Amino acid sequence: MRSTPELDARRGLEKLATYPFQIASWVDDTGYPMSVSVTATIDPGSLVATFAPPAGLAVPTDRDVSLTGSHIRPQPGYGYDERRHVTVWGRVSPGIRPDSMARVLTLTGRSAWGWDETEVPFFEYSERSVPRSRRYFDALSAERGTPVKPKLSFGFLALRATRLPFLTATIVPVLLGILIAASHGAFDLASAALTVIGASFVQLGLNVANDVFDTVQGADDANVTPTQFSGGSRVIQYGLVSLRQMASLATVFYVAAALIGLLLLATRGSTALLVIGVVGFIVSLGYTAPPLKFVYRGLGEIAVAIGFGPLMLLGAYVVQTRGALAWEPFVASIPVALLVALILYVNEIPDRRGDAHAGKRTLPVRFSPSAVIGGYNAAVVAAYAAVIVGVIAGLLPIPTLLMLLTIPLARRVSAGLAPNYDNPYGLMAFMGVNVRLHLAAGVLLLVAYAIVIAAMAIAPGVDLFLG
Amino acid sequence: MATIPAPAAELIERALVAELTVVDPTGRPVTYPLIPLWDGERVYMTSSTLFSRKLEHIGRNASVAVSVTDPVSVGGRADRVTIQGDARVIADDPHGGWERLLPIWSAKEPAIVAFLKARVALPLFFERALIEITPRRVLYWTDGDASIAPVVTVLGEEAA
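Here the structure is a predicted model, which means the values were calculated and not measured. (Residues numbered from 1 in each chain as written. Chains lettered and ligands numbered in written order. Predicted model: local features only at pLDDT ≥ 70, side-chain atom pairs only at ≥ 80, totals over all residues. Heavy atoms only, no water.)

S.K.: Just checking my understanding: could you explain the interface of chain A and chain B for this structure?
M.R.: For interface size, the figure often reported is the accessible area lost on association. At the interface, 52 residues of chain A touch 65 residues of chain B. Summing both sides of the interface, chain A and chain B together bury roughly 4,800 Å²; the carbon and sulfur share of this comes to 66%. Considering only the side of chain A, the residues that lose the most area to chain B are Tyr-32, Arg-132 and Tyr-136 of chain A, jointly responsible for 15% of the buried surface there. Linking chain A with chain B are two salt bridges, by the criterion used here. When the shortest N-O distance is used, the salt bridge between Arg-132 of chain A and Glu-56 of chain B registers 3.0 Å. Elements with a contribution of two residues or more to the side of chain A that touches chain B: strand 1 (22–27), strand 2 (33–38), strand 5 (65–75), strand 6 (79–96), strand 7 (103–116), helix 2 (122–128), helix 3 (130–144) and helix 4 (154–162) of chain A. Top contributing element to the side of chain A that touches chain B by residue count: helix 3 of chain A, with seven residues. (Contact = heavy atoms within 4.5 Å. Buried area = accessible area lost by both parts, 1.4 Å probe. Salt bridge = Lys/Arg side-chain N within 4 Å of Asp/Glu carboxyl O. Helix = DSSP H or I, 4+ residues; strand = E, 2+ residues; numbered from the N terminus.)

S.K.: Looking at this model, I keep getting lost on empty space enclosed by the protein. Mind explaining?
M.R.: In this approach, a probe sized like a water molecule rolls over the atoms, and the result shows the empty space that is left. The tally for this structure, following the rule as stated, stands at two cavities of 30 Å³ or more. Here the largest cavity is characterised by a volume of approximately 40 Å³. Lining of the largest cavity is provided by Ser-126, Glu-127, Val-130 and Tyr-238 of chain A together with Leu-50, Leu-122, Pro-123 and Leu-124 of chain B. Here the lining of the largest cavity is composed, by residue class, of six nonpolar, one polar and one charged. By volume, the second largest cavity is sized at about 30 Å³. As for the second largest cavity, its lining consists of Ser-35, Val-36 and Ser-37 of chain A together with Ser-67, Val-68, Thr-69, Arg-80, Val-81, Thr-82 and Trp-141 of chain B. Counting only elements with at least two residues in the lining of the second largest cavity, the list comes to strand 2 of chain A together with strand 5 (63–68) and strand 6 (80–90) of chain B. Looking at side-chain class alone, the lining of the second largest cavity contains four nonpolar, five polar and one charged residues. (1 Å grid on protein atoms, 1.4 Å probe; cavity = no way out; pocket = protein on both sides within 12 Å on 5 of 7 lines; lining within 4 Å. Points joined across faces, edges and corners; volume = space filled by probe spheres on them. Nonpolar A, V, L, I, M, F, W, Y, C, P; charged D, E, K, R; others polar.)

S.K.: I would appreciate a short explanation of the confidence of the model for chain B in the present structure.
M.R.: Where the model shows low pLDDT, its predicted coordinates should not be examined in detail. Per-residue pLDDT for chain B has a mean of 92; in total, 96% of the residues score no lower than 70. Interface confidence for the predicted complex, given as ipTM, is 0.94, next to a pTM of 0.86. (pLDDT = per-residue confidence, 0-100.)

S.K.: What's the story with the environment of Met-431 of chain A in this structure? I'm lost.
M.R.: All names here are of chain A. By the secondary structure assignment, Met-431 is in helix 15 (residues 424–458). Distance in space between the C-alpha atoms of Met-431 and Ile-343 is 7.3 Å, their sequence separation being 88 residues. When neighbours within four sequence positions are excluded, Met-431 is seen to be in contact with Thr-227, Phe-229, Ser-230, Val-346, Asn-347 and Pro-350.

S.K.: Would you mind going over the packing of aromatic side chains with me for this structure?
M.R.: Aromatic rings in a pair are described by how distant their centres are and how their planes are angled relative to each other. Taken as a whole and judged by the stated rule, the model has 15 aromatic pairs over all chains. Ring pairing ties together the aromatic residues Trp-115, Phe-122, Phe-123 and Tyr-125 of chain A together with Phe-51, Trp-98, Trp-105, Phe-125 and Phe-126 of chain B, which thus form one cluster. (Phe/Tyr/Trp six-rings, centres within 6.5 Å; stacked < 30°, edge-to-face > 60°.)

S.K.: What should I look at first to understand the packing of helix 5 (residues 168–183) of chain A against helix 15 of chain A in this one?
M.R.: Axis angle and axis distance: for two packed helices, these are the angle between their axes and the distance between the axes, and together they describe the pair. All names here are of chain A. Where helix 5 meets helix 15, the closest approach of the two axes is 9 Å, and the angle between their N-to-C directions is 15°. The angle between helix 5 and helix 15 falls in the class roughly parallel. Judged by the sense of rotation from one axis to the other, the crossing of helix 5 with helix 15 is left-handed. Where helix 5 approaches helix 15, its residues Thr-168, Ala-169, Val-172, Leu-175, Leu-176, Leu-179, Ile-180, Ala-182 and Ser-183 are matched on the opposing element by His-438, Leu-439, Gly-442, Leu-445, Leu-446, Tyr-449, Ala-450, Val-452, Ile-453 and Met-456. A class-by-class count of the residues in the contact of helix 5 with helix 15 yields 15 nonpolar, four polar and no charged. (Axes fitted to C-alpha atoms, helices over the stretch in contact; angles between N-to-C directions. Parallel < 35°, antiparallel > 145°, perpendicular 65-115°, else oblique. Left-handed = near helix turned anticlockwise from the far one by under 90°.)

S.K.: Which parts of the structure should I look at to understand the layout of surface pockets?
M.R.: Residues and elements named next belong to chain A. Its volume calculated, the second largest pocket comes out at about 1,100 Å³. Along the walls of the second largest pocket sit 45 residues, with Arg-163, Phe-166, Gln-228, Phe-229 and Ser-230 positioned nearest its centre. When contributions to the lining of the second largest pocket are tallied by element, the ones reaching two or more residues are helix 2, helix 4, helix 5, helix 6 (189–216), helix 7 (219–222), helix 10 (300–321), helix 11 (327–357) and helix 15. Of the residues forming the lining of the second largest pocket, the biggest block, seven residues, is contributed by helix 11. Tallied by class, residues from the lining of the second largest pocket come to 23 nonpolar, twelve polar and ten charged.

S.K.: How do you make sense of the sheet that holds strand 1 of chain A when you look at a structure like this?
M.R.: Sheet strands line up and pair through hydrogen bonds in the backbone, either parallel or antiparallel. Residues and elements named next belong to chain A. Strands sit in the order 2-1-5-6-7-4-3 across an open sheet of seven strands; the sheet is antiparallel. Each edge of the open sheet carries a strand with a single partner, namely strand 2 and strand 3 (41–43). The mean inter-strand angle of the sheet, taken between neighbouring strand axes irrespective of direction, is 30°. As paired strands, strand 1 and strand 5 are joined by three bridges and run antiparallel to one another. (Pairing = 2+ DSSP bridges.)

S.K.: Can you help me understand the packing of helix 13 (residues 369–392) of chain A against helix 14 (residues 407–417) of chain A in this one?
M.R.: Residues and elements named next belong to chain A. Following both chains from N to C, one finds helix 13 and helix 14 inclined at 175°, their axes separated by 10 Å at the closest point. On the basis of the axis angle, helix 13 is roughly antiparallel to helix 14. Side by side, helix 13 and helix 14 meet where Ile-373, Tyr-376, Asn-377, Val-380 and Tyr-384 of the first sit next to Ile-407, Ala-410, Val-413, Ser-414 and Leu-417 of the second. Partitioned by chemical class, the residues of the contact of helix 13 with helix 14 number eight nonpolar, two polar and no charged.

S.K.: Quick question: what am I supposed to make of the nonpolar core here?
M.R.: One finds Tyr-376 of chain A together with Leu-20, Val-81 and Ile-133 of chain B to be the most contacted residues of the largest nonpolar core, which totals 154 residues. Among the nonpolar cores identified, the runner-up in size contains 27 residues, and Tyr-19, Met-34, Leu-105 and Ala-112 of chain A belong to it. (Core = buried A, V, L, I, M, F, W, Y, C linked by side-chain atoms within 4.5 Å. Buried < 20%, exposed > 50% of the residue type's maximum accessible area, 1.4 Å probe, protein only.)

S.K.: Any chance you could explain the pattern of salt bridges here in plain terms?
M.R.: Pairs can form between side chains of opposite charge whenever their charged atoms are close. All chains considered together, the criterion is met by 28 salt bridges over all chains. The partner of Asp-422 of chain A in a salt bridge is Arg-352 of chain A, and the shortest N-O contact between them spans 2.4 Å. Separated by 70 residues along the polypeptide, Asp-422 of chain A in the loop between helix 14 and helix 15 and Arg-352 of chain A in helix 11 bring together distant segments of the chain. With relative accessibility at 54%, the residue Asp-422 of chain A sits in the exposed group. The partner of Glu-132 of chain B in a salt bridge is Arg-42 of chain B, and the shortest N-O contact between them spans 3.9 Å. One end of the pair, Glu-132 of chain B, is in strand 7 (residues 128–141); the other, Arg-42 of chain B, is in the loop between strand 3 (37–38) and strand 4 (43–48), and 90 residues separate them in sequence. What emerges from the salt-bridge pattern is a single network uniting Glu-41, Arg-42, Arg-88 and Glu-132 of chain B.

S.K.: Got a minute to help me understand the side chain of Ser-133 of chain A in this structure?
M.R.: Of note, Ser-133 of chain A is situated in helix 3. If sequence neighbours within four positions are ignored, Ser-133 of chain A has contacts with Thr-49, Leu-50 and Leu-124 of chain B.

Shown next, in the form of structure tokens:
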């Protein structure tokens, strides 16, 4: 994989011509490189650059000479930006300028190399260069006879490897299920805490297993535009954690989740909880793991919607109610499910080339940009419609309409998709807003149920349901 | 140790960017823009392991040149300098060894301190090797005009 786009001598000279001066470099007769700034007249069509010979220095004609253009813009108090550079190599021949009879040197371009951060953003350039870093550490390890690896502090590594900040996807539906159960008069603190912890382990297991299987199947290696929201944790690609260690970590999380699940079954058990637990485990592991590989088949969004919507929310609900089911938690899980699926959906947009390369047929891989954006808009409208219809039908309490306050966030994401569809780093800001949309909607639904519970305590006669 | 002429040292000290030219295995010069750091005796540069090809080149051939050519990067000064020297790659501790240069690096790029605090976002960028360059020969162009021969100082000898 190249870390910078291929550049031929002609294109290199075209770029070089945009710099106000060039740096001529060669290896002198003492074996040291020599550099001096010159002002070259460049004719990319003829593949030549002509410049006056620097005084007091012998530019060799029997070996390669390079001309380099380099640019940064200083930003006082910050550093710099607008980084770009280009180098063209070739042989130099002496000559005479016909108009002035002045001595000149003419470099005939043969090859070129360069980087322009407006063409390849720094983060993509870095990502494309990861294999070089790995080779460097391999060589260092071989030289020292002991493994030398890149490092991160334990806290940072844990944060990155487990993608801990995304735990809100679990916390929101589980707390909502617990609060809805509490509003129905069923609440047990110990089992509620165990549910939050167990469900969190399921998600952490999923996150880590996802990295393992995406690495094994080549999707994460093929992705050169990961962002903080997409492309996996990259800890395996960066050599921070081995594939085996990540597989072990995923196993630990799943085993811990299973033990807590068994404990809850033993203490608060019901057939409903058993079914939800088993289906949840299959959905979680089958998300990227063979043979199911839901996300590779374009079913990732549905799997995530089911897993982080009804399964989490109803699971938390039935733990509290000891198996009693109701329509209200199911209806409340619909907007949560849609919004969490939309996090994945938008995050898949910048991953789509790497995903396609690895045979991961996600929805953004399968469909055109307009269809994908249309799908986002339809799903987000459905999320709000579910709440409105739920309230009108008397299935959800009136305060859940608070979720409509997040509509401006949804509009921002929707408006940001088209202009940034092919710009992963531009899209990153809207991916962040999309994550906030799910969190804000979830928090407002939690607030709605806190209001319901408070109203039941303060004014038992007040009915917060229509109909 | 003999040190480089004061104006050249000032230029290196002030420059936000300089060009490091190394020799590749085919004997070809390869130029990289990098931040030059001057400790009063030697020029230091750092390279992320992500962009470590230059480190491999230096490992094979320690002869390098550092030049400051861009008036914009030195606050409008017209003078220019090229230092030929011997480079040594220091990679004892790629994770933190280079941080001893952070005080002089952050003076040129203040944002690096904040970036370093968030190294979790780009961990490999902060796995770095130091390039220590011992100057051997300094070429200084008072007005930056290459049509006039530079003042050449061979360290340990009188100016040519």
